Amino acid sequence: MEELVGLREGSSGNPVTLQELWGPCPRIRRGIRGGLEWLKQKLFRVGEDWYFLMTLGVLMALISYAMSFTVGRVVRAHKWLYREIGEGHLLRYLSWAVYPIALVSFSSGFSQSITPFSGGSGIPELKTILSGVVLEDYLDIKNFGAKVVGLTCTLASGSTIFLGKVGPFVHLSVMMAAYLGRVRTATTGEPENKSKQNEMLVAAAAVGVATVFAAPFSGVLFSIEVMSSHFSVWDYWRGFFAATCGAFMFRLLAVFNSEQETITSLFKTNFRVDIPFDLPEIFFFVVLGAICGVLSCAYLFCQRMFLGFVKTNPLASKLLATSKPLYSALAALVLASITYPPGVGRFMASRRPTPPLPQLSMKEHLDTLFDNNSWALMTQNSSPPWPAEPDPQNLWFEWYHPRFTIFGTLTFFLVMKFWMLILATTIPIPAGYFMPIFIYGAAAFSGAVTHTISTALLAFEMTGQIVHALPVLMAVLAANAIAQSCQPSFYDGTIIVKKLPYLPWIRCRKISSHRVIVEHFMNCGVNTLAKDTPLEEVVKVVTSTDLAEYPLVESAESQILLGTVRRAALVQALQAEPLSRAPGHQQCLQDILATGCPVEPVTLLLSPETSLHQAHNLFELLNLQFLFVTSRGRAVGTVSWAELKKAISNLTNPPAPK
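What you see is a predicted model; the values in this text were computed from it and never measured.

Chemist: Whenever I open this one, a nonpolar patch on the surface confuses me. Can you help?
Modeler: Judged by side-chain polarity, F283, F284, V287, I291 and L295 come together as a nonpolar surface patch covering roughly 490 Å² of accessible area. Note on placement: F283 falls in helix α11 (residues 281-312).

Chemist: Help me out: how do you make sense of the layout of surface pockets in this one?
Modeler: Any space left empty among the atoms is revealed by the rolling of a water-sized probe across them. Looking at the second largest pocket, its volume works out to about 1600 Å³. Of all elements in the fold, only α11, α14 (362-369), α16 (406-424), α17 (434-450), α18 (454-463) and α19 (469-486) reach the threshold of two or more residues within the lining of the second largest pocket. Here the residues of the lining of the second largest pocket are counted per class, giving 32 nonpolar, 8 polar and 4 charged.

Chemist: In this structure, what is going on with the sheet that holds strand β3 (residues 529-530)? I would like to understand it.
Modeler: Strands pair in a sheet through their backbones, by hydrogen bonds, and they do so in one of two ways: parallel or antiparallel. Overall, mixed pairing links the 3 strands, which are arranged β3-β4-β5 in an open sheet. Every interior strand has two partners, whereas the edge strands, β3 and β5 (561-566), have only one. Bridging between β3 and strand β4 (residues 549-553) involves 2 bridges; their strand directions are parallel. Bridge pairing links A530 to V553 in β4.

Chemist: Would you explain the sheet that holds strand β8 (residues 634-640) in this entry?
Modeler: In spatial order, the strands read β6-β7-β8; together these 3 strands make up an open sheet with mixed pairing. Bordering the open sheet on either side are β6 (605-606) and β8, each of which pairs with just one other strand.

Chemist: When you look at helix α5 (residues 123-130) in this model, what are you seeing that I'm missing?
Modeler: In an α-helix, one turn spans 3.6 residues; hence positions three or four apart end up facing the same way. Most of α5 sits inside the fold, with 8 of its 8 residues counted as buried. Buried residues of α5: I123, P124, E125, L126, K127, T128, I129 and L130, and no others. The positive-phi residue at the C-terminal boundary of α5 is G132, with phi of around 110°.

Chemist: Even after reading the chapter, I still don't get unusual backbone geometry, so can you show me in this structure?
Modeler: Only a minority of non-glycine residues have a phi that is not negative, and only a minority of peptide bonds are not trans. With a phi angle near 60°, H451 is a residue other than glycine that sits in the positive phi range. Along the chain, H451 falls in the loop between α17 and α18. For N623, which is not glycine, the phi torsion reads 55° and is therefore positive. Structurally, the position occupied by N623 is in the loop between α25 (612-622) and β7 (626-631).

Chemist: How do you make sense of the nonpolar core when you look at a structure like this?
Modeler: Across soluble globular proteins, nonpolar side chains have a tendency to be buried as a group. Counting 121 residues, the largest nonpolar core has M60, L139, F213 and Y299 as its most contacted members. With 12 residues, helix α8 (residues 194-213) is the single largest residue contributor to this core. Those residues in contact with M60 that sit more than four places away from it in its chain are F144, F169, L172, S173, M176, V207 and T211. Counting residues in each nonpolar core, the second largest holds 20 residues, with V516, F619, L624 and I648 among its members.

Chemist: What is the right way to read empty space enclosed by the protein from this model?
Modeler: Under the defined criterion, the tally for this structure stands at 1 cavity of 30 Å³ or more. One number sums up the size of the largest cavity: a volume of about 90 Å³. As for the largest cavity, its lining consists of K127, E225, V226, T450, H451, T452, S489, Y491, D492 and W505. Counting only elements with at least two residues in the lining of the largest cavity, the list comes to α9 (216-227) and α20 (490-498). Split into classes, the residues belonging to the lining of the largest cavity amount to 3 nonpolar, 4 polar and 3 charged.

Chemist: Help me understand the pattern of salt bridges in this model?
Modeler: Think of it this way: side chains of opposite charge can pair up when their charged atoms draw near. Per the counting criterion, the structure on display carries 4 salt bridges. The partner of K498 in a salt bridge is E125, and the shortest N-O contact between them spans 2.8 Å. Placement of the pair is K498 in helix α20 and E125 in helix α5, with a sequence separation of 373 residues. Overall, K498 belongs to the partly exposed group, its relative accessible area being 35%. Here E199 and R238 are joined by a salt bridge, their closest N and O atoms 3.4 Å apart. One end of the pair, E199, is in helix α8; the other, R238, is in helix α10 (residues 233-256), and 39 residues separate them in sequence.

Chemist: Please explain the pairing of β7 as it appears in this structure.
Modeler: For a regular strand, side chains alternate in direction, first toward one face of the sheet and then toward the other. Inspection of the sheet shows β6 paired to β7 by 2 bridges, in the parallel sense. Across the sheet, residue L606 finds its bridge partner in β7, namely V629. For the crossover that starts at β6, traverses α25 and ends in the parallel β7, the hand is right-handed. Sheet analysis places β7 next to β8, joined by 6 bridges and oriented antiparallel.

Chemist: I'm lost on the packing of aromatic side chains in this one. Help?
Modeler: The geometry of an aromatic ring pair is captured by two quantities: the separation of the ring centres and the angle between the planes. This model, assessed by the stated rule, comprises 22 aromatic pairs. On the basis of an interplanar angle of 70° and a centroid distance of 5.8 Å, the ring pair of F117 and Y138 is categorised as edge-to-face. Here the residue F117 occupies a position in the loop between α4 (89-114) and α5, and Y138 occupies one in the loop between α5 and α6 (141-156), the gap between them amounting to 21 residues. Judged by relative accessible area, Y138 falls into the buried class, the value being 3%. Ring centres 5.3 Å apart and planes at 70° place the aromatic pair F217 and F240 in the edge-to-face group.

Chemist: Hey, could you run me through the side chain of R238 in this one?
Modeler: Here R238 falls in the buried class, since its relative accessible area comes to 4%. Setting aside chain neighbours within four positions, we find R238 in contact with D49, L53, K196, E199, M200 and A203.

Chemist: Hey, could you run me through the environment of L561 in this one?
Modeler: By secondary structure assignment, the location of L561 is in strand β5. Sequence-wise, L561 and G633 are 72 residues apart; in three dimensions their C-alpha atoms are separated by 6.1 Å. Residues contacting L561, with those up to four places away along its chain left out, are P551, L552, V553, V602, L605, F628, T630, G633 and A635.

Chemist: Which parts of the structure should I look at to understand α16?
Modeler: End to end, α16 covers 26 Å across 19 residues, agreeing with the expected 27 Å (1.5 Å per residue, within 8%). A maximum bend of about 30° is found in α16 at K417. Turning to α16, its buried residues are I406, T409, F413, M416, K417, F418, M420, L421, I422, L423 and A424.

Chemist: Whenever I open this one, the packing of α11 against α17 confuses me. Can you help?
Modeler: Relative placement of two packed helices is described by the angle separating their axes and the distance separating the axes. Between α11 and α17, the shortest axis-to-axis distance is 8 Å and the interhelical angle comes to 90°. Considering the angle they form, α11 stands roughly perpendicular to α17. Seen from α11, the contacting residues are G289, C292, G293, L295, S296, Y299 and L300; seen from α17, they are I437, G441, A444, F445, A448 and V449. Looking at the contact of α11 with α17, its residues break down into 9 nonpolar, 4 polar and no charged.

Chemist: Would you mind going over the packing of α8 against α9 with me for this structure?
Modeler: At a minimum axis separation of 8 Å, α8 and α9 run at an interaxial angle of 130°. The orientation of α8 with respect to α9, classified from their angle, is oblique. Relative to α9, α8 is oriented so that their crossing is right-handed. Contacts between α8 and α9 pair V202, A205, A206, V209 and A210 from the former with P216, G219, V220, F222, S223 and M227 from the latter. Each residue belonging to the contact of α8 with α9 can be placed in one class, and the counts come to 9 nonpolar, 2 polar and no charged.

So, how was this worked out
- Residues numbered from 1 in each chain as written.
- Predicted model: local features only at pLDDT ≥ 70, side-chain atom pairs only at ≥ 80, totals over all residues.
- Heavy atoms only, no water.
- Patch = residues over 30% accessible without salt bridge, like charges linked within 9 Å, V, L, I, M, F, W, Y side chains within 5 Å.
- Areas by Shrake-Rupley, 256 points an atom, 1.4 Å probe, with all protein chains shown as cover.
- Salt bridge = Lys/Arg side-chain N within 4 Å of Asp/Glu carboxyl O.
- Helix = DSSP H or I, 4+ residues; strand = E, 2+ residues; numbered from the N terminus.
- 1 Å grid on protein atoms, 1.4 Å probe; cavity = no way out; pocket = protein on both sides within 12 Å on 5 of 7 lines; lining within 4 Å.
- Points joined across faces, edges and corners; volume = space filled by probe spheres on them.
- Nonpolar A, V, L, I, M, F, W, Y, C, P; charged D, E, K, R; others polar.
- Pairing = 2+ DSSP bridges.
- Buried < 20%, exposed > 50% of the residue type's maximum accessible area, 1.4 Å probe, protein only.
- Core = buried A, V, L, I, M, F, W, Y, C linked by side-chain atoms within 4.5 Å.
- Contact = heavy atoms within 4.5 Å.
- Right-handed = clockwise from strand over helix to strand, strands pointing away.
- Phe/Tyr/Trp six-rings, centres within 6.5 Å; stacked < 30°, edge-to-face > 60°.
- Expected span 1.5 Å × (residues − 1).
- Bend = angle between axes of the 7 residues up to and from the residue.
- Axes fitted to C-alpha atoms, helices over the stretch in contact; angles between N-to-C directions.
- Parallel < 35°, antiparallel > 145°, perpendicular 65-115°, else oblique.
- Left-handed = near helix turned anticlockwise from the far one by under 90°.

The quantities given are spatial measurements derived from coordinates; they are silent on function.
As structure tokens, this is what we get:
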């Protein structure tokens, strides 16, 4: 039945439904409808990106808090089981070891069965994606679910495995941003914009850090330093907005759950503010930074070598290829046996009263290390009693052991965790590697390992105090100066070992490096197609090569570059146009082009005189994979990542003279 319509008195003739005309309070309803329409227009004048970023931050904060809540309950259940199982050493050992082994094996098996891209932190692959390389299905939403479940199991294994969640949460945040972007594109009907997508992914990386540490400033700086080589100011504001929404929601949930009275920093400290440090202490801060830089070089070298050994060793590589859960279980067994509290674990922040209690959690480790107490003086002046449960105000007791001094347990902890962290990084499970190295050496060591300065700011945001800003920053700079001159970062090293396609930085900044030009390293073998090329020759070129596109030139003699022809379009045109055998008439490529085969213009070219630094900047800034080199319009060569990598390698390690 058709709806009846009428005209409102005094109207311009626009018909309205009779229900609207005769309904109650028509003027009020029209006013409300008009007000809502006005509000909608005003809100969307700001741009839908801001609502997108706010949604992303809130969602990731909810997921982060829910994961932390779940992990806390599972870890408490493990501690309860360990305490209540009895006095027998065998039962205690089994309760201590089987729990993390089962969780790690399930994490590896479940996540790898859903998708092979869910292992590790995900940051090396994200760096590759943001550099312009397409990794199929790496940002798929099914990977999101596999990583959430796997990461929860990894964290629930506790300090036995000693891994965090920063890297995976960056990956999860980027996957969520990619999914929301696809939903928005499908809803609005807009075409997919690659540039806009990259802007959202970079902002999402900041959200991943902010929703773990409630640190929006360091989250944005971390995404700038680690995720991208060139950063747009437009992304800067987007990243801050999304990260602030995520950090605020993450801490607000703690207040709602009565864990905090108000929104505070994650590891609140109470260092002296009036005179935080003496002037001579700055020298020792710099020395400490230099020591952390040297240790980071050793750690990065050993980690990369061991990861390469695992991939090339016949037994380890076979386990990783055919039975990842078994390899994970064996690695977890080694780590659990070492950290067993009645054994060696009693010297690694695990008390040895009766009954023995499990090790500190990662959060409790940071609470003790940020404690504003002189442990050596306190142990000399008192004989600390052993409470039945850890005292939150005196967690430093957990580092004390009658047979060792405080410095002895700290030294033993550092020595053991050095190689245990390296072993843990080879386990194929969703896990983050930033938190363990931050606990190991705080801002200086973690900054040197990741080649970032934002770790200094992260320490200030986590503790809520900035009084040590100058000495901490000097220590981080000293550590970075040593690490960056000797070793690639943790993420770049993983890219090298995994052989991911990635364009390295030009670390050689000598004046002579600016004299290297494109003519010195370009590929001179250009497979061009001239307009007068016979179709028989065109068919031979297409069938003998697998290039995605071919450069089109005016003629074989002039080599004047006109544009490019895509292989798919050329094959389709050749199939539609059968070869003519008419005497006296030879078909050429020009005939195919005249039938509608599209020729795409080349908008960006290199000159043989372009420097290596300029070419490298273009490739990084525009996420390019390939460029033609022309001289006075003539196609003389090509430059791709392969040529750039070889030129950069020759700068860093010059070949021996012949």
